[in-house]
Structure formats: C-alpha cells, structure tokens
Amino acid sequence: MANRARWVMKYEKGLVDILLENNNSHYRTPTGWRMEGWRKIVMDFNMRYPEAKFSKMQIQEHETQLKKDYKFIKLILQRDGVSWDQSASMIRGTDEIWDEIIEDMPKARKYQNKSFPLLDSLEQLFDGPIAEGGQNSPQNIVGNVDEGGNNMSTAPDMSVRPSGTINANFDETWNSISLLPQTALGQQGIENLDTLQNHTEEALGLQQHGADRRQQRADEQPQSSSCVEPQRDRRRKRKVTDIQQRKVTDIQQIMETYLNFRMKQARMKEQKVKEADQFTISSCIKAMNTMSDVSDEIKILASDVFKDAENREIFLSYEPRLRTLWLKREVGKQLTSAY
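Residues numbered from 1 in each chain as written. Predicted model: local features only at pLDDT ≥ 70, side-chain atom pairs only at ≥ 80, totals over all residues. Heavy atoms only, no water.

As annotated in an unreviewed UniProt entry, the protein carries the name Myb/SANT-like domain-containing protein and comes from Urochloa decumbens.

What follows is the structure, given as structure tokens:
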C-alpha cells in the first residue's frame with residue numbers, strides 16, 4: 001500500500017486522454033490493449049507527468065478500475081427513477097431509490113454523492129469504435145494540451161460502431177450479456193466476470209497480435225511468377241483466419257458456460273435465502289403461540305424440535321388443525337429418546 005499511486009483528478013483525466021489518443025488498431029484490438037500499446041501509454045503518461053512516477057502496473061490497475069467504475073455507473077443508470085445530472089456529473093435519485101440500489105449492490109454507496117466527470121470520455125473509450133491507423137495516424141498526434149497536461153483536442157465522432165474485425169464477435173458477445181443476469185449475480189459476480197474478461201482480452205490480444213505478425217510475414221513473401229505460390233499464400237491466410245476464428249468461438253463458449261454456472265449459483269443462493277427467511281424458528285414460535293390447545297410445557301419443549309430446519313418446514317407446511325398432532329408427536333419422541 002505504501003507504493004500505491006495516489007490518483008488525483010489531473011492524473012485520471014490525463015490517463016483517459018492518453019488512452020483516447022492511442023485508441024487505434026495499431027495499439028488496441030476490440031478485446032484489449034496490445035503490449036506495444038501499453039508501452040506507448042506508460043511512456044506518454046510519464047513524459048506528461050514525470051512527477052507522478054507511476055509504474056506500468058499502477059497505470060494498468062487504474063485503467064481496470066476506471067472500467068469497473070464506468071460499468072457500475074452504467075448499471076446503476078439502468079434502474080428506474082435514476083437519471084444522470086450532466087452539469088454536476090452525478091447520478092441523481094431519491095433517497096428511497098438509493099436505499100434499494102445499495103441494498104441490491106452495497107458497493108454502489110460510493111457513487112451516491114460522488115462526481116464522475118469522466119463518464120462521457122470513458123463511454124467514448126470503452127463503448128466507442130477503435131480508429132483504424134498506425135503509429136503515424138492522426139489519432140496518435142497529441143492535440144492542444146493545457147497547463148495541467150490535459151488533452152484539449154476535439155474528440156472523434158463516436159456514432160459509428162466498428163465492424164469487419166475478426167475479434168469483434170467476442171466484443172459483441174460480451175456486450176450482449178443483459179443487465180438482468182449481471183444484477184442477479186451481484187457485485188461479486190460482476191467483478192468475477194470482469195476478471196474473466198480481462199484475462200480473455202489479454203489472451204485474445206496476444207492471439208490477434210500473433211495473427212497480424214503471421215499475416216504480415218505472409219504478405220511480405222516475394223511474388224512468384226507461377227500460380228503455385230499465390231495459391232499457397234491464400235491457403236496460408238485462410239488457415240490463419242480459421243484458427244483465429246475457432247479460438248474466438250472457444251472463448252465465447254467458455255464465457256457462456258461460466259455465466260450459466262454463476263447464474264445457477266446465484267439462483268441456488270437466492271432460493272436458500274428465501275427458504276431460510278420463510279421457515280425460521282421465530283415464525284414457528286409465532287404460529288405455535290396461536291394454538292390454544294397446546295400446553296405451555298409442550299411449547300417450551302417444542303423449541304428443541306424447531307432447531308431442525310426440516311422440522312420447521314414440516315410444521316409450517318401443515319394446516320393449523322394438524323400442527324397440534326404433529327407437534328405433540330415430535331415432542332413425545334424427544335421425551336422418549338431422552339429417557
């Protein structure tokens with residue numbers, strides 16, 4: 001903790017500006033930043049803010065945290081009765097609505113009275129398109145920079161979604177996961193899914209980078225005068241594309257399997273909670289107190305019977321006229337076994 005970077009707003013905005021400046025296909029795929037992209041981001045950041053002395057890991061961790069904050073805020077904004085105050089850069093909602101949100105997602109409390117001025121920029125970064133281009137593309141040129149080192153350049157148009165990339169299928173699959181399953185999983189589930197996505201993005205990024213290098217080597221092969229060499233090149237390119245597509249499909253299946261597993265866990269946990277709330281000892285005692293044909297002695301001894309969860313469920317499932325007979329029988333069993 002002593003080495004953890006202290007992120008003030010100037011550094012956060014500067015990081016987002018640098019991420020947007022490098023948000024092109026040379027440094028980033030639809031599934032994550034390339035290794036070369038991270039080197040460029042860290043170099044740009046430390047040149048702009050040399051006093052910060054942030055490490056690559058600290059910058060990567062904060063980019064991940066910004067992504068989590070962005071997803072969490074977007075999730076909160078899906079709730080009824082919640083709106084976004086553009087002038088204050090805050091989530092607005094009544095105290096009653098916030099109580100419901102915090103009850104469902106306890107970690108949402110930190111966003112109740114917190115300004116988040118980077119929402120539009122993060123939406124542009126995480127949900128916007130990735131520009132086509134390389135190291136010398138216009139998107140990589142640093143625009144007007146203020147005294148704090150913040151980029152003041154005009155933001156590119158975000159109205160068009162990327163298309164035509166092989167790995168876009170993975171990005172669309174992830175984004176198509178509905179908010180309802182994420183809410184059912186709870187915040188822990190969201191974080192676990194984020195962890196899985198981050199690892200997947202890194203793996204896909206390496207695969208995409210390797211595929212690009214293989215594609216480049218194939219393109220650089222000398223042209224042959226015969227028809228055999230072009231046919232080999234085409235077969236090689238098709239093979240690389242097919243292998244990459246299969247890897248993307250496999251990862252999609254893994255994510256779907258994981259999501260189904262987490263959903264099943266959440267449903268089982270929710271069911272257990274409901275059952276525990278319905279068949280409690282206090283509920284049994286409350287129902288027993290209304291039974292005038294049960295003696296005080298049996299009522300006292302019945303507390304041992306109600307310690308068993310199955311007994312509580314059986315007792316409350318009986319209609320009132322049968323509860324007395326069942327309770328006397330169970331208390332009699334206990335007395336017999338005691339002697």
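Following the structure, the description resumes.
All right, on to the overall build of the protein then. Looking only at helices and strands, the protein has 12 helices and four strands in total. Residues counted as buried form 39% of the 339 residues belonging to the protein. Taking all contacts inside the protein whose residues are at least 6 apart in sequence as the whole, residues at least 24 apart take part in 69%. (Helix = DSSP H or I, 4+ residues; strand = E, 2+ residues; numbered from the N terminus. Buried < 20%, exposed > 50% of the residue type's maximum accessible area, 1.4 Å probe, protein only. Contact = heavy atoms within 4.5 Å.)

Turning next to the nonpolar core. Of all hydrophobic cores here, the largest spans 38 residues; its most connected members are Leu15, Ile41, Phe45, Ile59, Ile76, Ile101 and Leu122. By residue number, the principal contributor to this core is helix 3 (residues 56–76), which donates seven residues. Residues contacting Ile59, with those up to four places away along its chain left out, are Trp7, Leu15, Trp38, Ile41, Val42, Phe45 and Phe54. With 15 residues, the next largest nonpolar core counts Met288, Met291, Ala302 and Phe315 among its residues. (Core = buried A, V, L, I, M, F, W, Y, C linked by side-chain atoms within 4.5 Å.)

The next subject is the confidence of the model for the protein. A residue-level look at the protein finds 68% of positions with pLDDT of 70 or above and a mean pLDDT of 75. Of the regions scoring below 50 in pLDDT, residues 136–191 engages in 96 contacts with residues more than four places distant in sequence or in other chains. (pLDDT = per-residue confidence, 0-100.)

Moving on, we come to unusual backbone geometry. Unusually for a residue other than glycine, Lys53 sits at a positive phi of about 55°. Along the chain, Lys53 turns up in the loop between helix 2 (35–48) and helix 3. Within the chain, Ser89 stands out as a residue other than glycine whose phi angle is a positive 55°. Here Ser89 lies in the loop between strand 3 (83–85) and strand 4 (90–92). Using a relative accessible area of 13% as the deciding quantity, one classes Ser89 as buried.

You can see Phe72 is positioned in helix 3. As for Phe72 and Tyr111, which are separated by 39 residues in sequence, their C-alpha atoms are 9.0 Å apart.

A full pass over the atoms with the stated rule returns 11 salt bridges. Across the salt bridge formed by Arg329 and Glu330, the nearest N and O atoms sit 3.0 Å from each other. Take Arg329: its relative accessible area is 46%, and that puts it in the partly exposed class. A relative accessible area of 12% places Glu330 in the buried class. Shared partners join several salt bridges into a network, and the residues in it are Arg329, Glu330 and Lys333. (Salt bridge = Lys/Arg side-chain N within 4 Å of Asp/Glu carboxyl O.)

Before going further, it helps to examine helix 11 (residues 309–317). Along helix 11, the residues classified as buried are Asn311, Arg312, Phe315 and Leu316. Viewed end-on, helix 11 has its buried residues packed into an arc of 120°, placing them on one side of the element. Of the residues in helix 11, the exposed ones pointing more than 90 degrees away from the buried face are Glu310 and Ser317. (Arc of directions from axis to C-beta.)

To describe a pair of aromatic rings, you give the distance between the ring centres and the angle between the ring planes. Applying the stated criterion to the full structure yields 13 aromatic pairs. Taking the centre distance of 5.0 Å and the plane angle of 50° together, the rings of Phe306 and Phe315 count as tilted. Like Phe306, the residue Phe315 is buried in the burial classification. Ring-pair connections join several aromatic residues into one group, and the members of that group are Trp7, Tyr11, Phe45, Tyr49 and Phe54. Positioned above the aromatic ring of Trp33 is the side chain of Arg28, whose terminal nitrogen or guanidinium carbon lies 5.0 Å from the ring centre. Above the ring of Phe315, the side-chain terminus of Arg323 is found at 5.4 Å from the ring centroid. (Phe/Tyr/Trp six-rings, centres within 6.5 Å; stacked < 30°, edge-to-face > 60°. Lys NZ or Arg CZ within 6 Å of the ring centre and 35° of its normal.)

You can see Glu330 is positioned in helix 12 (residues 320–338). Those residues in contact with Glu330 that lie beyond four places of it in its chain are Val305 and Asn311.

What follows covers a negative patch on the surface. A grouping of Asp95, Glu96, Asp99, Glu100 and Glu103 is seen on the molecular surface, where their side chains present a negatively charged patch. One can find Glu96 in helix 4 (residues 95–104). With relative accessibility at 53%, the residue Glu96 sits in the exposed group. (Patch = residues over 30% accessible without salt bridge, like charges linked within 9 Å, V, L, I, M, F, W, Y side chains within 5 Å. Areas by Shrake-Rupley, 256 points an atom, 1.4 Å probe, with all protein chains shown as cover. Lys, Arg positive; Asp, Glu negative; His and termini not counted. Charge placed at Lys NZ, Arg CZ, Asp CG, Glu CD.)

A few words on the packing of helix 1 (residues 9–21) against helix 3. As a packed pair, helix 1 and helix 3 sit with axes 11 Å apart at the nearest point and diverge in direction by 90°. With respect to each other, helix 1 and helix 3 are oriented roughly perpendicular. In contact with Glu12, Leu15, Val16 and Leu19 of helix 1, helix 3 contributes Ile59, His62, Glu63 and Leu66. Here the residues of the contact of helix 1 with helix 3 are counted per class, giving five nonpolar, one polar and two charged. (Axes fitted to C-alpha atoms, helices over the stretch in contact; angles between N-to-C directions. Parallel < 35°, antiparallel > 145°, perpendicular 65-115°, else oblique. Nonpolar A, V, L, I, M, F, W, Y, C, P; charged D, E, K, R; others polar.)

What follows covers the packing of helix 1 against helix 2. Between helix 1 and helix 2, the least distance of the axes is 10 Å, while the angle of their chain directions is 140°. Viewed along their axes, helix 1 and helix 2 adopt a mutual orientation that is oblique. Viewed along their axes, helix 1 and helix 2 form a crossing whose handedness is right-handed. For the pair formed by helix 1 and helix 2, the contact residues are Tyr11, Gly14, Leu15, Asp17, Ile18, Leu19 and Glu21 on the first element and Ile41, Asp44, Phe45 and Arg48 on the second. (Left-handed = near helix turned anticlockwise from the far one by under 90°.)

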